[in-house]
Amino acid sequence: MDNFHFSRPTTLTEATAITPPPTGAFRFIAGGTTLVDLMKLGVETPSLIVDINTLPLDTIEPTPDGGLKIGALVRNSALAQHPAVLRNYAVLSQALLSGASPQLRNMATTGGNLMQRTRCIYFRDTVYACNKRTPGSGCSAIDGHNRTLAILGASEHCIATNPSDMNVALTALDATVHVQNKGRERTIPIQSFFLLPGDTPHLEHPLEPGDLITHVTLPPPIPGVQTIYLKLRDRASYEFALSSAAVVLGISDGKIHRAQFAMGGIATRPWRSSEAEHLLQGRAPSAALFRQAAETALHGAHPRSENGFKVELAKRCLVRALTLATKTA
Ligand code: SF4
């Protein structure tokens, strides 16, 4: 591991006033469950690390409009078990508990999970070419081992999946990410927070140097909806999704009045299909309708040499999640 400068500010003002160094990367660290691993592998080589663990960003509070404010330092385990989350945003709790291990969830934070890096094996091994790690070097995965990688939202420069479960649930719930930098605050809708790779896969978020995620807000819970997170993977625990679906579904008088969903494990960012959601709106739930929605959501999927199975897997995952939400509605 390379040498780096280390700072531990005690106030938010201090943390967001830090000037990024002229050379080398600047990283905030909280739980460190991704960053430290990547530093050991030589993938991340920051010249300055700012430890934010002492900042007052670890609370979960109601917002004035009836939604929920989740501090960036709230641990994944605390968020999954919070009464307001269990009561009103169960899909978020289910997604969190499906990820990693209890030990990792006790350390991992909301802000860190939003910034989680891909698990593409070539990204994590500095021997191989990787446009995300070293822009312009090429993509070893396109003609390599790509079984776990993306079939949607990819480009000829990168096909890496976003590995997070939490991000899929936050996308289905229409969360908002709040950021501060040198006294300036701004908000980023979750669907704009994850950039498609295009020809700049090293740029993953619309963040500027020094931007600190302070919290995430969820809109007020929608009365009468059922939510569910379904995750399909190679083994039952401590594994990333091959396909997942976070579903928010409301049914009254035999018709769907609310349909929001996001899919994980299949795309370069949590994947939302407004066309498929619109298709469900106002219709009576049925197996045929759900299949039609899944076909629409996967429209344009572009599998590579090893991940063609994901197209059908993702469709079945979504149909199954919608069906389970209907049964509990
Ligand atoms: Fe790198 Fe993306 Fe290609 Fe993986 S898929 S090797 S992360 S450029």
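Up top you'll find the structure we're talking about.
Thresholds applied
- Residues numbered from 1 in each chain as written.
- Predicted model: local features only at pLDDT ≥ 70, side-chain atom pairs only at ≥ 80, totals over all residues.
- Heavy atoms only, no water.
- Pairing = 2+ DSSP bridges.
- Helix = DSSP H or I, 4+ residues; strand = E, 2+ residues; numbered from the N terminus.
- Axes fitted to C-alpha atoms, helices over the stretch in contact; angles between N-to-C directions.
- Buried < 20%, exposed > 50% of the residue type's maximum accessible area, 1.4 Å probe, protein only.
- Contact = heavy atoms within 4.5 Å.

Caption draft 1: Molecular detail of the sheet that holds strand S5 (residues 68-71). Strand order in this open sheet of 5 strands is S4-S5-S8-S6-S7, and the pairing throughout is antiparallel. This sheet does not close on itself; its edge strands, each paired only once, are strand S4 (60-62) and strand S7 (184-189). Each strand axis lies, on average, 25° off the axis of its neighbour in the sheet, ignoring direction. Bridge count for strand S6 (residues 176-181) against strand S8 (residues 212-218) is 5 bridges, and the pairing is antiparallel. Directly across from Gln 180, in S8, lies its bridge partner Leu 212.

Caption draft 2: Quick look at the pairing of strand S10 (residues 243-252). Of all 10 residues in S10, 8 are buried; the element is thus mostly enclosed. Examined bridge by bridge, strand S9 (residues 225-232) and S10 share 8 bridges and lie antiparallel to one another. Bridging from a neighbouring strand, Leu 232 pairs with Ser 243 of S10. Where S10 lies against strand S11 (residues 255-264), 9 bridges are found, and the strand directions are antiparallel. By the bridge assignment for S11, Val 248 is matched with Gln 260. The hairpin turn running from S10 into S11, its antiparallel successor, is 2 residues long, and Asp 253 in that turn takes a positive phi close to 50°.

Caption draft 3: Expanded view of the sheet that holds S10. The 3 strands lie next to each other as S9-S10-S11, forming an open sheet whose pairing is antiparallel. The open sheet is flanked by S9 and S11, the only strands paired with a single partner. Recorded for the sheet is a direction-independent mean angle of 15° between the axes of neighbouring strands. Taken strand by strand, helix H5 (residues 90-97) contacts S9 and S10, and its axis lies near 15° from that of S9.

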